[in-house]
Amino acid sequence: MNILIYNEGVHDKEEWMKQIYPEGIHGALKQALDFDGNNITVTTLEDVEKVVTEDLLDKTDVMLWWGHCAHGQVPDCVVDMVHRAVLKGMGFIALHSAHLSKPFTRILGTSCTLKWRDDDRERLWVTAPSHPIAQGLPEHFELPREEMYGEYFDIPKPDDIVFMGWFAGGELFRSGCTFTRGYGKIFYFQPGHEQFPTYYDKNIVRILKNAVKWAAPMVRREQIGCPNSKPAEAGKD
C-alpha cells in the first residue's frame, strides 16, 4: 500500500515529548505501519503544502491524520485536495485530536466537538467483533493513561462503532467509528494523546494495521465512472 502520514509536528519539537516519541508521533506511526512492503510518506505542518499534491493523493491508498493545536494553520488548498481524494476512494484515518481537523470536519459535515479532560485510565471494548478492524483483538484491553474524550460527540451516525471507550471517571465514548463518503472509507480512532506512549501499545498497533488494510480502496472513482458526470440527454443512449 501507499500510505501518507500527516502529523502536525508542533509538540514533537518539545523536549518532554522527545522522551515519549523520540522520532515524533509520525515516527511511531510509520514504525507501526512498516509491514508487507508498504510505501510510507510522512509530512508535517511545516512542509504539508509542498508534499501533499494532487499527484501524491492520486497514488495514496490511505492517509492518516494527527493534529492538535494548529488545525487552523493547515492550508485550505490541502484540505480541498484531501476531501476530493477521499470522495474518489482514498481511505482516511483521523487519530485522536484530529476530530477537529479541517479535513475531518469537512468530510463529515459536523462540528465533531466532544467533552475532554486530561489523564485517565481507559478500557477499550470491542463492540463489533466481526469487523475487519477488530480482528486479532481481545474483547477489551486497557490503556493505563490516556486523555478522556466523552460524549456528546457531534458526529453523523457512524456506519459501525467498532470500539467503545470507558474511562475510570465513568465516561463512555464512541472511540472507534467508521464512515463512508463517496468511494472513501473513513475511520476515526480516539486514543493517541501526545503525553502518553499510546502508539507503542501492541493492541493499538494491531488496530492501526487492521485499519489501513480495511480503508485501502478496492477501486477508485476514475475506474468506474464519475457519479457527478453529466446525465445523458433525453432521447439519447
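It should be noted that the structure appears before, not after, this text.
Residues numbered from 1 in each chain as written. Predicted model: local features only at pLDDT ≥ 70, side-chain atom pairs only at ≥ 80, totals over all residues. Heavy atoms only, no water.

So, about the packing of aromatic side chains. Applying the stated criterion across every chain yields a total of eleven aromatic pairs. When the centroid spacing of 6.3 Å and the interplanar angle of 45° are considered together, the rings of tyrosine 21 and tyrosine 199 count as tilted. Of this pair, tyrosine 21 sits in the loop between α1 (15–18) and α2 (24–32) while tyrosine 199 sits in the loop between β9 (184–189) and α7 (202–215), placing them 178 residues apart in sequence. Taking relative accessible area as the criterion, tyrosine 21 reaches 1% and is therefore assigned buried. (Phe/Tyr/Trp six-rings, centres within 6.5 Å; stacked < 30°, edge-to-face > 60°. Helix = DSSP H or I, 4+ residues; strand = E, 2+ residues; numbered from the N terminus. Buried < 20%, exposed > 50% of the residue type's maximum accessible area, 1.4 Å probe, protein only.)

Because an α-helix packs 3.6 residues into every turn, residues spaced three or four apart end up facing the same way. The end-to-end C-alpha separation of helix α5 (residues 76–88) is 18 Å, in line with the 18 Å expected for 13 residues at 1.5 Å each. Downstream of α5 by one or two residues, glycine 89 has phi in the positive range, about 140°. (Expected span 1.5 Å × (residues − 1).)

The peptide bond linking glutamate 151 to tyrosine 152 adopts the cis configuration, its omega dihedral lying at 15°. Here tyrosine 152 shows up in the loop between β6 (140–150) and β7 (160–167). Of note in this structure, aspartate 36 is not a glycine but carries a positive phi near 55°. Residue position: aspartate 36 is located in the loop between α2 and β2 (39–44). Backbone geometry at aspartate 119 places phi at a positive 55°, although glycine is not the residue there. Relative to the elements of secondary structure, aspartate 119 occurs in strand β5 (residues 115–126).

Let us look at the pairing of β7. Note that β5 and β7 share five bridges and pair antiparallel. Bridging across to β7, leucine 124 finds its partner in glycine 165. Strand direction decides the pairing type here: β7 and strand β8 (residues 172–181), joined by six bridges, are antiparallel. Bridge pairing in β8 places phenylalanine 163 opposite glycine 176. Following β7, the chain reverses through four residues before pairing antiparallel with β8; glycine 170 in that reversal takes a positive phi of roughly 105°. (Pairing = 2+ DSSP bridges.)

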